[in-house]
Amino acid sequence: MNKKYLPSALILYLNYFIHGVGCSILGQAVIKEALAASWGVEAMAITAISAALGLGRLIALPFAGPLSDKLGRRISTAIGSGSYAIYLIGLALAFNAGTNGGYQIAYICAIVGGIANSFLDTGIYPAVGEIIYKAPGVATMGIKFFIAIAQMILPFVLGATVATTAAGLTSYNTLFFGCGIIYIVLLVLVMLFPLPDADQKAAGEKEGLIASLKHTHFSIESVAMILIGFTCTGTFQLWLNCAQNFAKENVGWTDPSIMQTYYSAGTMLALIVTALLTRKIKDVRFILIYPVICLATLVVVLVGKSQPLMIAGAFLIGWAGAGGLLQIATSVCNMLFPKIKGTVTALVMIASSLCNYTILTAASKMQPSQVMVMNKGIFMIDASHDFVKDGNKNRLRERDIYKIVTTFNQQITDDPKYARFVPNDEIKKKNEYNLNIPRYLESSTPEDLQDIDAHLHGGIPAADVDSMEKYWVLFPSLKSKLFSQMREGYYQLNIPKEDIRNVVYHDPEFSAYAERIDNAFDAWM
């Protein structure tokens, strides 16, 4: 490594140190709650802002990679630093806007932050590999090392920067403004210090982008390596954005923010150990082992639901999910395609961004416990009986839609004939992946049984009266007003059938219940 590039390498790594804060702040429970209070939304809705970071990356990556190869790492990194400053300062302004469009402003700024991430990735990943050219895998893992340091100290930084506004809201604007200003300083420094690809271009040694692409051939192995960007990102992003909420709601942990420190400690230790092991073990072997560790960890955390397991899970996910796996995959791809490093880095990050946007968008609409089991099965609903005929079409009414949405969002399984969670094992082993709903939900209409004794000797079968037990629970005195025992197993009406409606409507218990329903509806309106 040429020593003249050492300051440049440090500046590049510092970009990712601040990025470690920027990509993690929206996953912190305290910041989610502060922003949610300012914008008047649920805390889990802030996850959609995190998903917008992935959307921004998807927008920019197809252009950022080729631009990095054509215009150079300096321009790509400078665009990334400037855009990141807009994102972080924009979050502070969005907080100040409150319910007057603050959420929408934050969403737009998060898209800009995703664009910033794209240009940093496609500029800095190839640049550090070109600076530390004898150990490019270690060089790219150094990026993750700086991110991990930032994430480890983040809980302490949050404590130092928290403030209370005049309106009594918790604010972290000091952190947002501070990080944004640092990015502006880094932008200036990036423009001043030398980078290897710029020197090669000046010397006329660098092949043009179009010429490089013409000589590029993608194999099945290289495509698989690129797709690792999706799977490993899904693991650590879900953990970062949802694990603390899971700990609060399902484990009963009041302040789980310390999990971030254990997560980052696992990441840093993994980076050091993995960097040493790559000297003796091929990089690709880690791509097989680490995902298995992540899967086992998620299952144990989900089943155990305890603070010690959450801490251990944070450490192991930090190690195996975030401990350089994405960086190893990127480094291997850069070695496979040395002439289009920016472009191939963009391809890996596109896969990663697809995960950010799709998985986190889904997570924002789910409960934390649902997110943790998202890949463990399917929540099935049979709404085949809830509709109204409209000519030759079946139409869902508003109440049908409400029932479906509420059942799914709250994972209601009171009626196993309507909805239940079906584990993957049942789908695979018992039904061979056949997803026909009747295999899992028995929703056939009960047969209309005829009681011959009642037809011959009169009376109402007790089974028919008892089938309305849910009403007798609500209106216990109404049953005795309407029915009395005729003989064993049979009832008779106490009143003429034409008076049934009048007796029900004037029953005090029924009237009180109807009033509660009317009041609830009026409050909702």
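Scope of this entry: the structure provided in the associated data block. Please read these numbers as outputs of a predicted model, since none were measured by experiment.

## Re the side chain of E426
Logical step 1: Tracing the backbone shows E426 in helix 18 (residues 424-430).
Logical step 2: Classification of E426 by relative accessible area gives buried; the value is 15%.
Logical step 3: In terms of polar contacts, E426 uses its side chain to reach the side chain of R420, at 2.5 Å.
Logical step 4: The residues touching E426, leaving out its near neighbours within four places in the chain, are R420, N431 and Y440.

## Concerning a nonpolar patch on the surface
Logical step 1: On the surface, a cluster of nonpolar side chains totalling about 510 Å² of accessible area is made up of F63, L67, L71, I75, I79 and M191.
Logical step 2: Of all elements in the fold, only helix 3 (47-71) and helix 4 (73-97) reach the threshold of two or more residues within the nonpolar patch.
Logical step 3: Considering the arrangement of structural elements, one finds F63 in helix 3.

## Here we look at the pattern of salt bridges
Logical step 1: Applying the stated criterion across every chain, the model contains 10 salt bridges.
Logical step 2: For D466, the salt bridge is made with K479, and the minimal N-O distance between the two is 3.7 Å. Of this pair, D466 sits in helix 20 (residues 462-466) while K479 is found in helix 22 (residues 476-482), placing the two residues 13 residues apart along the sequence.
Logical step 3: A relative accessible area of 38% places D466 in the partly exposed class.
Logical step 4: With a relative accessible area of 21%, K479 lands in the partly exposed category.

## What to know about the nonpolar core
Logical step 1: One finds I25, L26, Y87, W239 and M310 to be the most contacted residues of the largest nonpolar core, which totals 93 residues.
Logical step 2: Dropping the residues within four chain positions of it, L26 is found in contact with K32, L35, I46, I49, S50, L53, Y87, L91 and N241.
Logical step 3: Judged by nonpolar contacts, the second largest core, of 10 residues, contains V465, W472, F475 and V504.

## Concerning the pairing of strand 9 (residues 490-493)
Logical step 1: Pairing between strand 7 (residues 460-461) and strand 9: 2 bridges, direction antiparallel. Within strand 9, the position partnered with I460 by the bridge is Y491.
Logical step 2: The sheet contact formed by strand 8 (residues 483-487) and strand 9 spans 4 bridges and is antiparallel. For Q485, the partnering residue across the bridge sits in strand 9 and is Y491.
Logical step 3: Between strand 8 and strand 9, which pair antiparallel in sequence order, lie 2 residues; one of them, G489, sits at a positive phi of approximately 90°.

## With respect to empty space enclosed by the protein
Logical step 1: A full pass over the atoms with the stated rule returns 3 cavities of 30 Å³ or more.
Logical step 2: A volume near 50 Å³ is recorded for the second largest cavity.
Logical step 3: Elements supplying a minimum of two residues to the lining of the second largest cavity: helix 10 (220-251) and helix 11 (259-277).
Logical step 4: Among the elements that make up the lining of the second largest cavity, the one with the highest residue count is helix 10 (4 residues).

Cut-offs and rules
Residues numbered from 1 in each chain as written. Predicted model: local features only at pLDDT ≥ 70, side-chain atom pairs only at ≥ 80, totals over all residues. Heavy atoms only, no water. Helix = DSSP H or I, 4+ residues; strand = E, 2+ residues; numbered from the N terminus. Buried < 20%, exposed > 50% of the residue type's maximum accessible area, 1.4 Å probe, protein only. Polar contact = N/O pair within 3.5 Å; in protein donor to acceptor, adjacent residues only side chain to side chain. Contact = heavy atoms within 4.5 Å. Patch = residues over 30% accessible without salt bridge, like charges linked within 9 Å, V, L, I, M, F, W, Y side chains within 5 Å. Areas by Shrake-Rupley, 256 points an atom, 1.4 Å probe, with all protein chains shown as cover. Salt bridge = Lys/Arg side-chain N within 4 Å of Asp/Glu carboxyl O. Core = buried A, V, L, I, M, F, W, Y, C linked by side-chain atoms within 4.5 Å. Pairing = 2+ DSSP bridges. 1 Å grid on protein atoms, 1.4 Å probe; cavity = no way out; pocket = protein on both sides within 12 Å on 5 of 7 lines; lining within 4 Å. Points joined across faces, edges and corners; volume = space filled by probe spheres on them.

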